[in-house]
2 protein chains.
Amino acid sequence: MEAGEEKRVPRYLEKLTPVKEAIDIIRKRVKPVEDTVVLPVWEAVGRVLAEDLRSPHDFPPRPRAAYDGYAVRSEDTPGKLKVIGEAPIGKVEIEYRVEPGTAVYVSTGAYLPDGADTVVPEEAVRLEDGYIVIDKKFEAGKNIDPVGFYARRGQVLLPKGYVLTELDVVGLLDIAVTRAKVFREIRVGIIATGTELFEPSSPEEAEKRILRGEVAETTAKLIENMIARYTPWARVVKRVLLPDYIDTIEWYIKRQMNNLDLVIMTGGTGPSEVDPFYKLADRLGAEVLFRGLFVRGGRPTSAALLPNGTLLLALSGHPVSALHGFLRLLYHVLKHMGNVERAGEPPIPAYAALAQPLKSKRPEPIKAKLYWRDGVLVAEPLPRERQLSSVTVSNVEADGILLVDKNEYDAGDLVPVMVYREPIELPKEGKREEAEE
Amino acid sequence: MEAGEEKRVPRYLEKLTPVKEAIDIIRKRVKPVEDTVVLPVWEAVGRVLAEDLRSPHDFPPRPRAAYDGYAVRSEDTPGKLKVIGEAPIGKVEIEYRVEPGTAVYVSTGAYLPDGADTVVPEEAVRLEDGYIVIDKKFEAGKNIDPVGFYARRGQVLLPKGYVLTELDVVGLLDIAVTRAKVFREIRVGIIATGTELFEPSSPEEAEKRILRGEVAETTAKLIENMIARYTPWARVVKRVLLPDYIDTIEWYIKRQMNNLDLVIMTGGTGPSEVDPFYKLADRLGAEVLFRGLFVRGGRPTSAALLPNGTLLLALSGHPVSALHGFLRLLYHVLKHMGNVERAGEPPIPAYAALAQPLKSKRPEPIKAKLYWRDGVLVAEPLPRERQLSSVTVSNVEADGILLVDKNEYDAGDLVPVMVYREPIELPKEGKREEAEE
């Protein structure tokens, strides 16, 4: 290689790092968050448990009715009993005590009045002269949730590293678990770089500017939304659009994003006279962890470690390529930084069966139409020429994005898929009637 | 049947309506929204197209470079050309005209300067004495996106009834489609009913009250969040918690929710001395469409049509049963009311293979642990006693909810699943190395 050539393309994507290796490098070099905070569980949805979540008490703390009916003494059954009152659910003070020969109406979930040791379901009694008549024996403990039936004091309900979901909170509140110690949020900044970019404000202005050759910024916004949706333990505290002036970007990172865990740059990662990512890393005194991913769609994805420990991650400026970077790399990086063992609903919730054979030389995102057939999600990739990162209009034709790997696939092979439009439900073959519901 | 018996349980769930029939009844009796509004596409994510979305122009409106390189005249190739300037993407005024013997540097997506009819990629030229040398012929039109390459004026990009997704907006903005005519939002009110309920404000208070026997309201909040996430063309404009006083509920619906398309009640739908749903419908002058669904978990789900056309839908007060009502019924009702042909990411994005046989007498939600094995999502239902709607703490043990139907299932049978926790990825059998990435 001549000196002249070396100068023309200095260090630009000399060696592409495989995705798995890139994640491993970041796992080794970037420290996960350590600070914790105690939150009400209803404010902790999407946050990561910093310790095993244990029940602080037995629940129920006293026996509860497991059925709508009458709380009685087992030894009074069978028999004819006087109803002296009722204990509906949510009634705080239990005013009645079940003495021999009496009964108290209880609804499911209500605490059992003192003296009672069994519940006779409503439908198992007859009403007679203001009394209830019970025709058979009910053993002590029947139709009762005993103390600690739902949770024992100290029992681990959810382990450390789990992300609290909304349905977890529903379950926890039912047993009076109201607090959780979680890690603090990962603080993220996003810089969209590109002198050609603008943030649209009105449809008229946007149409005019795009037709003139300017480009609407959508990549950084897309990544912000992906983070909000799929990695809610991280929070984008700043998102800004800057021109490709390296001085400005350097100043912004140093002065405006100096207290963040992660700074994401979209765009500005491609080739140019002098490689801007290395240049920026040099100026910031950052150590480049890798420069270029072995993928198609997101190849310029790069990472560097700033002197203060902030991770600088550069994603492609092309929306689908940046999304690919999120799905392959950033999602896993944020899991690592947040100490996540198990997240909530993942961005890749399904595998799809390929409708046709497919070849791929590198891990890449493939836009596809999606449909259900007999419980199988089938993916029909758009033609190759509609897959190019510059043809984002093809997003509109597709229903999801397949994450394919360097591979040769046959029709029917399963590949992970991000679903962004409801797949069409095809009727079952020969069972058209049942397909609807 | 005796008169006395009839009086004791008046009309309560006399006939359960199958889900498909319930949806059909609502489709026939409830009018979808008709009003429309024109929005910037970036404000229309989640909204329903009220007409086919067509490109208002050819895009690109003039030829664009499809490659980084030099815009030249085909008849000058091969040859040695003088570079007279550059036309980067986003540059609004094209200052140069390609005259015979000259070239202009263009980046991908930039409009072609007048005079040029082909683009020679950067890597296909040599630099020599300030000139570029092109060694072979480049035909006219090579490496150029012609006028209308991405979209033709009048071309349907997305059909009526489609819900705009975030990735659609990315694609549309790239081709200067900045406006969409969409239906107005469905206006929804939610009333959580239950004298025993409270909305937690602090963890200390909540813990104390729940231990005393009160119940934290989580059902209505869960349904509000499901609507926000999966039916974004509907908007919850009011959510309120009321006691089980029928006068209060009647007043609230008549006076505070008189301009809504849909009023959802959670709770207050169960049996009691006089069936509260019929009573409320009577008082409001509403026509009961159905009372009780043929499901397990959400059985009291009911619907009535108010005189002003508002749909009154009663869901169970139990969170998972209400969620079941959302997934089976409300989701489809909102699609109908919003004129939705295809939604965005659906709440049921996958089918799971049962790890063990399962019997079900009615359509029901089954809580399950989830894991991936060789591209197959496998579901292991929690034991039957953990499935009861009163045992919401079992939400915490599960990772997803299976929608099973009246059926006998074998191990391996596929059932639809709502995934709320990332399934565990099990290593491929015999291919442990490749399983990770």
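Below: a short report on this structure.

**Here we look at the overall build of chain A**
Phase 1 of the analysis: Along the backbone of chain A there are 9 helices and 28 strands.
Phase 2 of the analysis: In terms of C-alpha radius of gyration, chain A reaches 30 Å, well past the compact-globule figure of 22 Å for 437 residues.
Phase 3 of the analysis: Expressed as a percentage of its 437 residues, the buried residues of chain A come to 55%.
Phase 4 of the analysis: Of all intrachain contacts in chain A linking residues separated by at least 6 positions in sequence, the fraction that spans at least 24 positions is 73%.
Phase 5 of the analysis: Counting only carbon and sulfur atoms, one obtains 47% of the accessible surface of chain A, whose full area is about 18,800 Å².
Phase 6 of the analysis: Here chain A carries 60 positive and 67 negative side-chain charges, and the mean point of each set is 6 Å from the other.

**A word on unusual backbone geometry**
Residues and elements named next belong to chain A.
Phase 1 of the analysis: Here the bond from Thr 77 into Pro 78 is cis, since omega is -15°, no more than 30 degrees from zero.
Phase 2 of the analysis: Inspection of the secondary structure puts Pro 78 in the loop between strand 4 (69-72) and strand 5 (79-87).
Phase 3 of the analysis: Even without a glycine there, the phi angle at Asp 374 is positive, about 50°.
Phase 4 of the analysis: Turning to its location among the elements, Asp 374 is positioned in the loop between strand 23 (364-373) and strand 24 (376-381).

**What to know about the packing of helix 2 (residues 19-29) of chain B against helix 8 (residues 319-337) of chain B**
Residues and elements named next belong to chain B.
Phase 1 of the analysis: The N-to-C vectors of helix 2 and helix 8 enclose an angle of 25°; their axes lie 10 Å apart at closest approach. When the interaxial angle is binned, helix 2 and helix 8 end up roughly parallel. The two elements helix 2 and helix 8 cross, and the hand of that crossing is right-handed. Facing Val 19, Ala 22, Ile 23, Ile 26 and Arg 27 of helix 2, the residues of helix 8 in contact are Arg 328, Leu 329, His 332, Val 333 and His 336.
Phase 2 of the analysis: Residues that form the contact of helix 2 with helix 8 fall into these classes: 6 nonpolar, 2 polar and 2 charged.

**Re the pattern of salt bridges**
In a structure, side chains of opposite charge can pair up when their charged atoms sit close to one another.
Phase 1 of the analysis: Scanning the entire structure with this criterion turns up 76 salt bridges over all chains.
Phase 2 of the analysis: Here Arg342(A) makes a salt bridge to Asp399(B), at a shortest N to O gap of 3.1 Å. Taken together, the residues Arg342(A) in the loop between helix 8 (319-337) and strand 21 (350-354) and Asp399(B) in the loop between strand 24 (376-381) and strand 25 (400-404) connect one chain to another.
Phase 3 of the analysis: When its relative accessible area of 8% is taken as the criterion, Arg342(A) is described as buried.
Phase 4 of the analysis: The buried category is assigned to Asp399(B), whose relative accessible area is 3%.

**Digging into the sheet that holds strand 13 (residues 186-193) of chain A**
Residue and element names in this part refer to chain A.
Phase 1 of the analysis: Within the open sheet, the 6 strands sit side by side as 16-13-17-20-19-18. Their pairing is mixed. Either end of the sheet is taken by a strand with one partner, and the two such strands are strand 16 (234-242) and strand 18 (287-291). Strand-to-strand twist across the sheet, computed as the mean angle between neighbouring axes with direction ignored, equals 20°.
Phase 2 of the analysis: Lying on the sheet, helix 8 is in contact with strand 13, strand 16, strand 17 (262-266), strand 18 and strand 20 (311-315); it crosses strand 20 at an angle near 165°.

**A closer look at the sheet that holds strand 5 of chain A**
All names here are of chain A.
Phase 1 of the analysis: With mixed pairing, 6 strands are arranged side by side in an open sheet as 7-4-6-5-9-8. Both edges of this open sheet fall to strand 7 (118-121) and strand 8 (125-128), since each of them pairs with a single strand only. Averaged over neighbouring strand pairs, the angle between their axes works out to 40° when direction is ignored.
Phase 2 of the analysis: Alignment of strand 4 against strand 6 (residues 102-106), held across 3 bridges, turns out to be antiparallel. Pairing of Tyr 70 across the sheet is with Tyr 105, part of strand 6.

**So, the pairing of strand 19 (residues 302-305) of chain A**
All names here are of chain A.
Phase 1 of the analysis: Covered by surrounding structure in strand 19 are Ser 302 and Ala 304 together with Ala 303 and Leu 305, the residues of both alternating faces.
Phase 2 of the analysis: Where strand 18 meets strand 19, 4 bridges bridge the pair, whose relative direction is antiparallel. Note that in strand 19 the partner of Val 288 across the bridge is Ala 304.
Phase 3 of the analysis: Across 4 bridges, the pairing between strand 19 and strand 20 is antiparallel. Looking across to strand 20, one finds that Ser 302 is bridged to Ala 314.
Phase 4 of the analysis: In textbook terms, the turn of a hairpin is the stretch between consecutive antiparallel strands, and for strand 19 and strand 20 this stretch comprises 5 residues, one of which, Gly 309, has a positive phi near 95°.

**Some remarks on helix 2 (residues 19-29) of chain A**
Because each turn of an α-helix spans 3.6 residues, side chains separated by three or four positions in sequence point in the same direction.
Residues and elements named next belong to chain A.
Phase 1 of the analysis: The complete set of buried residues in helix 2 reads Val 19, Ala 22, Ile 23 and Ile 26. Along helix 2, the residues classed as buried sweep out an arc of 100° about the axis, all on the same side.
Phase 2 of the analysis: Buried residues in helix 2 make contact with strand 18, strand 19, strand 20 and helix 8.

**Quick word on the interface of chain B and chain A**
One widely used convention gives an interface's size as the accessible area the parts lose upon coming together.
Phase 1 of the analysis: Across the boundary between the two partners, chain B contributes 94 residues, which contact 93 residues of chain A.
Phase 2 of the analysis: Between chain B and chain A, the buried area comes to about 8,500 Å², and carbon and sulfur atoms account for 59% of it.
Phase 3 of the analysis: At the junction of chain B with chain A, the criterion picks out 12 salt bridges.
Phase 4 of the analysis: The partner of Glu207(B) in a salt bridge is Arg179(A), and the shortest N-O contact between them spans 2.4 Å.
Phase 5 of the analysis: Taken together, the links from chain B to chain A amount to 38 residue pairs in polar contact (both at pLDDT 80 or more).
Phase 6 of the analysis: Considering each element in turn, the side of chain B that touches chain A owes the most residues, 8 residues, to helix 3 (residues 166-174) of chain B.
Phase 7 of the analysis: Looking at the side of chain B that touches chain A residue by residue, the classes come out as 53 nonpolar, 15 polar and 26 charged.

**Concerning the packing of aromatic side chains**
Phase 1 of the analysis: Inspection of the entire model under this criterion finds 10 aromatic pairs over all chains.
Phase 2 of the analysis: Here the aromatic rings of Tyr351(A) and Trp372(B) are separated by 4.7 Å at their centres, their planes lie at 65°, and the arrangement is edge-to-face. A residue pair is termed interchain when its members come from two chains, as with Tyr351(A) in strand 21 and Trp372(B) in strand 23 (residues 364-373).
Phase 3 of the analysis: Residue classification places Trp372(B) among the buried residues on the basis of a relative accessible area of 6%.
Phase 4 of the analysis: Considering the side-chain rings of Tyr70(B) and Tyr105(B), the 5.4 Å spacing of their centres and the 75° angle between planes classify their relative orientation as edge-to-face.

**Things to note about the relation of the copies chain B and chain A**
Phase 1 of the analysis: Superposition of chain B onto chain A requires a rotation of 180° combined with a translation of 0.0 Å along the rotation axis, giving an RMSD of 0.1 Å. A rotation of that kind, with that shift, is consistent with a two-fold axis. Closest approach to the rotation axis within chain B is made by the C-alpha atom of Ala350(B), at a distance of 2.7 Å.
Phase 2 of the analysis: Same-surface contact between copies: 99% of interface residues of chain B are shared with the interface of chain A.

**Describing helix 4 (residues 203-212) of chain A**
Phase 1 of the analysis: Along helix 4 of chain A, the residues classified as buried are Pro203(A), Ala206(A), Glu207(A) and Ile210(A). Along the axis of helix 4 of chain A, the buried residues cluster in a sector spanning 100°; they form a single face.
Phase 2 of the analysis: Contacts from the buried residues of helix 4 of chain A go to strand 14 (197-198) and strand 15 (215-216) of chain A together with strand 1 (36-40), helix 3 and strand 12 (179-183) of chain B.
Phase 3 of the analysis: Positive backbone phi, approximately 115°, marks Gly213(A), located one or two places after helix 4 of chain A.

**Thoughts on the side chain of Thr165(B)**
Phase 1 of the analysis: By the secondary structure assignment, Thr165(B) is in the loop between strand 11 (156-158) and helix 3.
Phase 2 of the analysis: Thr165(B) sits in the buried class, given a relative accessible area of 6%.
Phase 3 of the analysis: Setting aside residues no more than four positions away along its own chain, Thr165(B) makes contact with Tyr420(A), Arg421(A), Val45(B) and Gly344(B).

So, how was this worked out
Residues numbered from 1 in each chain as written. Chains lettered and ligands numbered in written order. Predicted model: local features only at pLDDT ≥ 70, side-chain atom pairs only at ≥ 80, totals over all residues. Heavy atoms only, no water. Helix = DSSP H or I, 4+ residues; strand = E, 2+ residues; numbered from the N terminus. Rg over C-alpha atoms; globule rule 2.2 N^0.38 Å. Buried < 20%, exposed > 50% of the residue type's maximum accessible area, 1.4 Å probe, protein only. Contact = heavy atoms within 4.5 Å. Areas by Shrake-Rupley, 256 points an atom, 1.4 Å probe, with all protein chains shown as cover. Lys, Arg positive; Asp, Glu negative; His and termini not counted. Charge placed at Lys NZ, Arg CZ, Asp CG, Glu CD. Axes fitted to C-alpha atoms, helices over the stretch in contact; angles between N-to-C directions. Parallel < 35°, antiparallel > 145°, perpendicular 65-115°, else oblique. Left-handed = near helix turned anticlockwise from the far one by under 90°. Nonpolar A, V, L, I, M, F, W, Y, C, P; charged D, E, K, R; others polar. Salt bridge = Lys/Arg side-chain N within 4 Å of Asp/Glu carboxyl O. Pairing = 2+ DSSP bridges. Arc of directions from axis to C-beta. Buried area = accessible area lost by both parts, 1.4 Å probe. Polar contact = N/O pair within 3.5 Å; in protein donor to acceptor, adjacent residues only side chain to side chain. Phe/Tyr/Trp six-rings, centres within 6.5 Å; stacked < 30°, edge-to-face > 60°. Least-squares fit on C-alpha atoms with pLDDT ≥ 70 in both.

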